[in-house]
Amino acid sequence: MTTRTGRGTRASLSMGRIAAAVTLVAGLAAGISPALANDAVKLGALRFTSHAPSFVAFERGYFAEEGIDVTFEFFQAAQPMAVAIASGDVDFGLTAISGGLINLAEKGAIKVVGGALQEEPGIDGQMILASKAAYDAGLTTPAELKGRSFGITQTGSSFHYMAHKIADKEGFARSEITLRPLQKVGAVIGALKSGQIDSWAIVPHIAKAISAGPEIEAIGMVADYIPDYQVTTVFTSTANTVDNPELVKRFLRAFAKGAADFNAALVDKTAGEEEADAMIELLHKYVYADRPLEKAAPSIRNGAMRINEGARLNVTSVKDQLDWFKSEKLVADTITLEMLVDDRFVETQ
């Protein structure tokens, strides 16, 4: 009896191996890769509508379809996210190019691999704002920013870049805008409302909401000063681009699907009102989550800006930003676009 049991066990094991092999072959024939183990990825993000593709790709299973298990790490500003990626604490990030990011790229730690938010004619973009006190005192257009204060999170942030591009186009010295670093977006909003700073520029889902109140006035659009501005980019560690390029490709494919859904629902508005409502409800888990949906919905809807199709990257805009950082001595003159950008993964323009 013992012998028969042993033979039965061996036979069962053999049949099990045969069944597994058949399943594997069938899966490969169907274009499925059962050998693809899920990669655990930490994704850096801000709680902005502009980060919608990441949230959509997660909630709708696009990352999972690519064999990626995503965990979000939330930040208050761009530079700490870049540091986290360089240190290996975060795997991918989505935010504006900062001086910290460029310096880390020069050290060989980080690469920009795709594009995300971009200013586009005809789509409401980042707005230039003034405190009510400054507005009443004559700051009614960006041309009057000379001699005024402008809120930024940190030196070398996108806010810093925007302030200087406004000065350049209006024809006054960059030094004639007084920059006020306040570290966090919430602190900048508070300072603008209270009149501690005169001005700021921010994405529309925030700008429209706060300028609807009595403390802040909208005075211009960033797109008038920086056409086709590549506001945010997708970046990762250089190690990922070298050692795991397939992970980068899979990540960008999932991200692009999320972007396509977002654009169709809230930017191009081709997906219908039911899908627009569903998109707003999805994003509300991450953006203005502390407010009731009915109060958050208008800000989310009105703040939709174009996310580049296929995560396409506007390298012309990225180069302009790099040149500005060099002109302000915030990064070394020797750093090149190739040190910052790995253009193998997406279409560039």
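**Student:** Would you mind going over unusual backbone geometry in detail, with residue names and values included?
**Tutor:** With phi around 60°, Asp-228 is a residue other than glycine that occupies positive phi space. Inspection of the secondary structure puts Asp-228 in the loop between strand E9 (216-221) and strand E10 (233-237). Its relative accessible area of 37% is what places Asp-228 among the partly exposed residues. The backbone of Ala-311 shows a phi angle near 60°, a positive value even though the residue is not glycine. Structurally, Ala-311 can be placed in the loop between helix H13 (293-302) and helix H14 (315-327). Taking relative accessible area as the criterion, Ala-311 reaches 0% and is therefore assigned buried.

**Student:** Tell me about the environment of Asp-333, and name the residues and values.
**Tutor:** By the secondary structure assignment, Asp-333 is in the loop between H14 and helix H15 (337-340). In this structure the C-alpha to C-alpha distance between Asp-333 and Leu-322, which are 11 residues apart in sequence, comes to 9.6 Å.

**Student:** Give a description of the confidence of the model for the chain that names residues and reports values.
**Tutor:** Per-residue confidence for the chain gives a mean pLDDT of 88, with 89% of residues at or over 70. Put simply, helix H1 (residues 2-29) is where the chain has its lowest mean pLDDT, 42, and helix H3 (residues 62-65) is where it has its highest, 98. Confidence over residues 1-35 falls short of pLDDT 50; this stretch has 2 contacts with residues more than four positions distant or in other chains.

What counts as what
Residues numbered from 1 in each chain as written. Predicted model: local features only at pLDDT ≥ 70, side-chain atom pairs only at ≥ 80, totals over all residues. Heavy atoms only, no water. Helix = DSSP H or I, 4+ residues; strand = E, 2+ residues; numbered from the N terminus. Buried < 20%, exposed > 50% of the residue type's maximum accessible area, 1.4 Å probe, protein only. pLDDT = per-residue confidence, 0-100. Contact = heavy atoms within 4.5 Å.

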